[in-house]
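# Chain and residue survey
One letter stands for each residue in the lines below.
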Amino acid sequence: MPVTVAEEWLNSCSGCEISILNTGTALLDLLPELNFVHIPVLIDHKYFGQLGGGASMDIPEATVGIVSGSVRNEEHQHVLEEMRKKTKILIALGSCAAYGGIPSQANMFTRDEVFEKVFRGSPSTDAAPDPKHPNVPLWLESCKALDEIVKVDITIPGCPPHPDWIADAIGALLKGGTSWHLPERSVCDTCPVMREKKSAGGPVKRCLENLAFNPEEGLDKMRCINEQGFLCLGPVTLAGCAGKSGVPRCVQARTPCRGCFGPIRKSARPMVDMMGAMTSIGLDPKTVVDRRAIMNRYTGGHGNLKPLPARPAGR
Ligand code: SF4
Ligand code: SF4
Ligand code: SF4
């Protein structure tokens, strides 16, 4: 009997769903053993019956539930709670679902400040009232990761997650497992660049200038990006973005890691740890522009990003 799977996307860009499709031949191998009973990105499904007349949300029961995207409004919360009720093993797919992701950058502002910026004060559009129509789901005060609302059994991080890990996690479940996780290693642990454990010092450079490297040479001949004076979040980011092949994807493209796989372990505080890593090689973390946002780029849920208290007048 195939294992039933229900998939949902909440506050999501659909990149995670593209990753499911990018599982490619591994997905073809798995498909005979899977029965997707609900996946709105591929199969039209009316939540309240075909004519919308149903009284309660209709998501079919399934053994495995996969949910991408963070929880931004009451509708997302409702769908997530329904997915939790209807599925036995719930997978948080992608860094939005796992940590709040990019949308949780908005947690640095109050809901009213966001509405002011987007609906009332945007210079490029006509001012509009807040989205308070009864058919528009109400925004929550903050953008949340799934496990701030319901119990999550398996987390597959990444923005987007690598297809290898989606196939790996589903494969483990098909063999009867109930858990799956990546090893606790940092991006630096899988990075082949040259390291001398010291930088030239000075303020951190912004990526408006190129790294120093010879395109004719391999990565093992390129100096570590942090040591070149740029901010690379490899020391505090979970390894695995390149799937089973190893070398971190951004470093392969000769650009810094931005932290999309999230912290190495759940209890870690990437910003504090990164400031320590920078100081240890002589870089001044206080010179990173917009440090709080940049070092929590994908991890604004779980209370990591909050509006700052208003400063007293004159300061
Ligand atoms: S984790 Fe990345 S790819 Fe997935 S929904 Fe969020 S923004 Fe999109
Ligand atoms: S800081 Fe960046 S470039 Fe340096 S070793 Fe770590 S991942 Fe590689
Ligand atoms: S190098 Fe960092 S930001 Fe780039 S894909 Fe890997 S984990 Fe994500």
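Here is a short report on the structure shown in this document. (Residues numbered from 1 in each chain as written. Chains lettered and ligands numbered in written order. Predicted model: local features only at pLDDT ≥ 70, side-chain atom pairs only at ≥ 80, totals over all residues. Heavy atoms only, no water.)

### Some points on the layout of surface pockets
Estimates place the volume of the largest pocket at around 580 Å³. Y99, T155, P263, R265 and K266 are the residues nearest the centre of the largest pocket, which is lined by 25 residues in total. Put simply, the parts of the chain that give the lining of the largest pocket at least two residues each are α4 (95-99) and β7 (154-156). Along the lines of polarity and charge, the residues of the lining of the largest pocket split into 13 nonpolar, 6 polar and 6 charged. Split by domain, the residues of the lining of the largest pocket number at least three in each of domain 1 (3-174) and domain 2 (184-305). One number sums up the size of the second largest pocket: a volume of about 360 Å³. Split into classes, the residues belonging to the lining of the second largest pocket amount to 10 nonpolar, 2 polar and 5 charged. (1 Å grid on protein atoms, 1.4 Å probe; cavity = no way out; pocket = protein on both sides within 12 Å on 5 of 7 lines; lining within 4 Å. Points joined across faces, edges and corners; volume = space filled by probe spheres on them. Helix = DSSP H or I, 4+ residues; strand = E, 2+ residues; numbered from the N terminus. Nonpolar A, V, L, I, M, F, W, Y, C, P; charged D, E, K, R; others polar. Domains from an automatic or database assignment.)

### Description of helix α6 (residues 163-174)
Counted at 1.5 Å a residue, the expected span for α6 with its 12 residues is 16 Å, and the 16 Å between its end C-alpha atoms agrees. What α6 keeps buried is the set P163, W165, I166, A167, A169, I170, G171 and L173. Considering only its buried residues, α6 is in contact with α1 (15-21), α2 (25-30), β2 (34-38), β3 (62-68), β5 (87-93) and β7. Just downstream of α6, G176 is the residue with a positive phi angle, here 100 degrees. (Expected span 1.5 Å × (residues − 1). Buried < 20%, exposed > 50% of the residue type's maximum accessible area, 1.4 Å probe, protein only. Contact = heavy atoms within 4.5 Å.)

### Here's the deal with the packing of aromatic side chains
Tallying each qualifying case throughout the model produces 3 aromatic pairs. Seen from their ring centres, F115 and W139 are 5.3 Å apart, and the 55 degrees between their planes marks the pair as tilted. Of this pair, F115 sits in helix α5 (residues 111-120) while W139 is found in strand β6 (residues 139-144), placing the two residues 24 residues apart along the sequence. Under the relative-accessibility criterion, W139 is labelled partly exposed at 22%. Here the aromatic cluster, defined as three or more aromatic residues joined through ring pairs, consists of F115, F119 and W139. Over the ring of W139 we find R72; its NZ or CZ atom is 3.7 Å from the centre of that ring. (Phe/Tyr/Trp six-rings, centres within 6.5 Å; stacked < 30°, edge-to-face > 60°. Lys NZ or Arg CZ within 6 Å of the ring centre and 35° of its normal.)

### A short note on the nonpolar core
Among soluble globular proteins, nonpolar side chains are generally buried collectively. If you look at the biggest cluster of nonpolar residues, it comprises 26 residues, and the most contacted ones within it are I66, I91, L93, I154, I156, W180 and F261. Counting residues per element, the ones that place at least two in this core are α1, β3, β5, β7 and α6. Among the elements that line this core, the one with the most residues is α6, at 6 residues. Two domains share this core, each providing at least three of its residues, namely domain 1 (3-174) and domain 2 (184-305). V204, L211, V236 and M278 belong to the second-largest nonpolar core, a separate cluster that totals 23 residues. (Core = buried A, V, L, I, M, F, W, Y, C linked by side-chain atoms within 4.5 Å.)

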